[in-house]
Structure formats: structure tokens, C-alpha cells
Amino acid sequence: METFIQHARGLTARIAAHREEQETYGRLAAGQSPLALFITCSDSRVIPSLITGSRPGELFELRTAGNAVPTYRQDMPASAEAATIEYAMRVLRVADIVVCGHSHCGAVGARARGEDLTGAPAVRDWLTQQLPDALPADDGPAATTAVQRHVRQQVDRLRGYPCVRERLDTGDVRLHGWFYEVHTGSVSVHRPAADAFLPL
């Protein structure tokens, strides 16, 4: 069985063999200018570049358990999540923020089903702090309704960040809520006018 290191070594060798890729990576050394901040789950089945067809340098990624965005507070401690959002807004000045939830999400599903996570206390505490109590209980493993509600809530949380709000007020950034189905590869987008997730 191939190990991760063996797989990565083979991939980097293939990339280095292509002149076009070498030129691309050479340009990236000069700096980054991503198109969007892409906030999604840490789940290994969710690959932002595959979902969006993005090339290196086009997405600034923030991955957390359950694609959770901590609620902004003036006295909040420093966090990687807040720093990433602020950097995307005030330094990179990306034009779009996508919060992408996914079907079969272990984090949202566990919270929605009230699963016992005492054996994973850090996971339990993160989910308790970041995922709301009012998630609908889904009877299926995809947890679609719970994940989609959670995505809408995370988009709303982003509006509370001053660095996001100031750019929303000037029309310089757009917020999007996405739902990715891991079992089909399809993506739907929250349309506020219909308050529904519709095909991308």
C-alpha cells in the first residue's frame, strides 16, 4: 500500500517535469493574489481546488472542523480563523468569500444528533462552542438540512467581522453559502431571494 509520503513524492516529481507548471510556480513566488477566501471543513473528502477547478494561487483557504467561523467579539482572543479572515479582507482584498459545507459532515452530524464525544474532548468543546444548539436533527447520514442551516449561520457570522462589514458596506466583497455533496460531486448555492440551495 502506497504511503502518503510516497504519493506526495510522485506528485511533486510529475509537477516538476512539466515546464508549464514550473513557470506557474515561478510566478507564485512573487506573491499571491487569490480570487476568493474559501472557508470549508477539514474533511479530507472536500478538496476546494477540485470543487472549483482552481489553480494554485487562486484560493485563500480556511479549513476548520465543521467549517465553523467563530463569532466575532471585540475581546475575542487571537485565533487563526480571525487572522485568516482579516488578512483576506485587509491585505489580499479578495472579492468573494465562500462558506462551503458538505454532506456527510461528521462535525455537524455529531452536533445535530447529539452524539457523545467525551472520548474526543477537544472536538466536543470546539463543536459545542462553534456549532449552535438549534441544528435540525436529520434522520439520514448526509445531514443535509443541518449542514445547510449551519452554512447560512456561518455566512451571517462573517457579517459581524468589522473587516468584512466595512467591505460589504462599500460593495467590495460578496458572501456565498455553498453545499457540496461528497457522494455526487454536485454543488448548490444558497439563493437568499428564495432562501434555498439551488444548483451552482
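Every value quoted in this text rests on a predicted model; they were computed, and no experiment measured them.

Peer 1: It is not clear to me how the side chain of H102 should be interpreted in this structure. Could you clarify?
Peer 2: Checked against the element boundaries, H102 lands in strand 3 (residues 96-102). On the basis of relative accessible area, H102 is assigned to the buried category, the value being 0%.

Peer 1: How should I be thinking about the confidence of the model for the protein in this particular structure?
Peer 2: Looking at the protein, the pLDDT average stands at 89 and 88% of residues meet or exceed 70. Within the protein, no element has a lower average pLDDT than helix 1 (residues 4-16), which sits at 63, and none a higher one than strand 1 (residues 36-41), at 98.

Peer 1: Help me out: how do you make sense of the packing of aromatic side chains in this one?
Peer 2: Two measures describe an aromatic ring pair: the distance that separates the ring centres and the angle between the ring planes. Summed over all chains, the structure comprises three aromatic pairs. Summarising the aromatic geometry, the rings of F38 and W178 are spaced 5.8 Å apart at their centres and angled 80 degrees between planes, so their arrangement reads as edge-to-face. In this pair, F38 is assigned in strand 1 and W178 in strand 4 (residues 174-180), connecting sequence segments 140 residues apart. Both residues of the pair, F38 and W178, count as buried. Where Y72 meets Y161, the ring centres are 5.3 Å apart and the plane angle is 55 degrees; that geometry is what we call tilted.

Peer 1: Sorry, what's going on with helix 5 (residues 106-113) here?
Peer 2: Working note: α-helix, 3.6 residues per turn, so residues spaced by three or four point in the same direction. Of the residues making up helix 5, those classed as buried are A107, V108, G109, A110 and A112. Directly after helix 5, the chain includes G114, whose backbone phi takes a positive value near 65 degrees.

Peer 1: How should I be thinking about unusual backbone geometry in this particular structure?
Peer 2: When glycine is set aside, most residues are seen to have a negative phi, and most peptide bonds are trans. Positive phi is not limited to glycine here, since H104 has a value of about 60 degrees. Within the secondary structure layout, H104 lies in the loop between strand 3 and helix 5.

Peer 1: How should I be thinking about the nonpolar core in this particular structure?
Peer 2: Here is a general trend for soluble globular proteins: nonpolar side chains tend to be buried in one another's company. With 36 residues, the main nonpolar core has L37, I85 and I97 as its most contacted residues. Of all the elements in the fold, those that place two or more residues in this core are strand 1, strand 2 (59-64), helix 4 (80-92), strand 3, helix 5, helix 7 (144-158), helix 8 (162-169) and strand 4. In this view, I85 contacts L37, L62, V69, L158, Y161, C163 and V164; residues no more than four positions away in its chain are not counted. I51, L59, V98 and V187 belong to the second-largest nonpolar core, a separate cluster that totals eleven residues.

Peer 1: Help me out: how do you make sense of the state of the cysteines in this one?
Peer 2: Formally, a disulfide is one covalent bond, and it connects the sulfur atom of one cysteine to the sulfur atom of another. Under the definition given, this model contains zero disulfides. Cysteine C41 is unpaired, with the sulfur of C105 as its nearest cysteine sulfur at 4.2 Å. According to the relative accessible area criterion, C41 is buried, its value standing at 6%.

Peer 1: Help me understand the sheet that holds strand 3 in this model?
Peer 2: In any sheet, the strands associate via hydrogen bonds between backbone groups, in a parallel or an antiparallel arrangement. In space, the six strands of this open sheet follow the order 2-1-3-4-5-6, with mixed pairing throughout. The open sheet has two edge strands, strand 2 and strand 6 (196-199), and neither has a second partner. Averaged over all adjacent pairs, the angle separating strand axes in this sheet is 30 degrees, with direction ignored. Of the pairings in the sheet, the one linking strand 3 to strand 4 comprises seven bridges and is parallel in character. In the sheet register, H102 faces strand 4, and the bridge partner there is Y180. Helix 4 contacts strand 1, strand 2 and strand 3 of the sheet and is inclined by roughly 165 degrees relative to strand 2.

Rules and cut-offs
- Residues numbered from 1 in each chain as written.
- Predicted model: local features only at pLDDT ≥ 70, side-chain atom pairs only at ≥ 80, totals over all residues.
- Heavy atoms only, no water.
- Helix = DSSP H or I, 4+ residues; strand = E, 2+ residues; numbered from the N terminus.
- Buried < 20%, exposed > 50% of the residue type's maximum accessible area, 1.4 Å probe, protein only.
- pLDDT = per-residue confidence, 0-100.
- Phe/Tyr/Trp six-rings, centres within 6.5 Å; stacked < 30°, edge-to-face > 60°.
- Core = buried A, V, L, I, M, F, W, Y, C linked by side-chain atoms within 4.5 Å.
- Contact = heavy atoms within 4.5 Å.
- Disulfide = S-S within 2.5 Å.
- Pairing = 2+ DSSP bridges.
- Axes fitted to C-alpha atoms, helices over the stretch in contact; angles between N-to-C directions.

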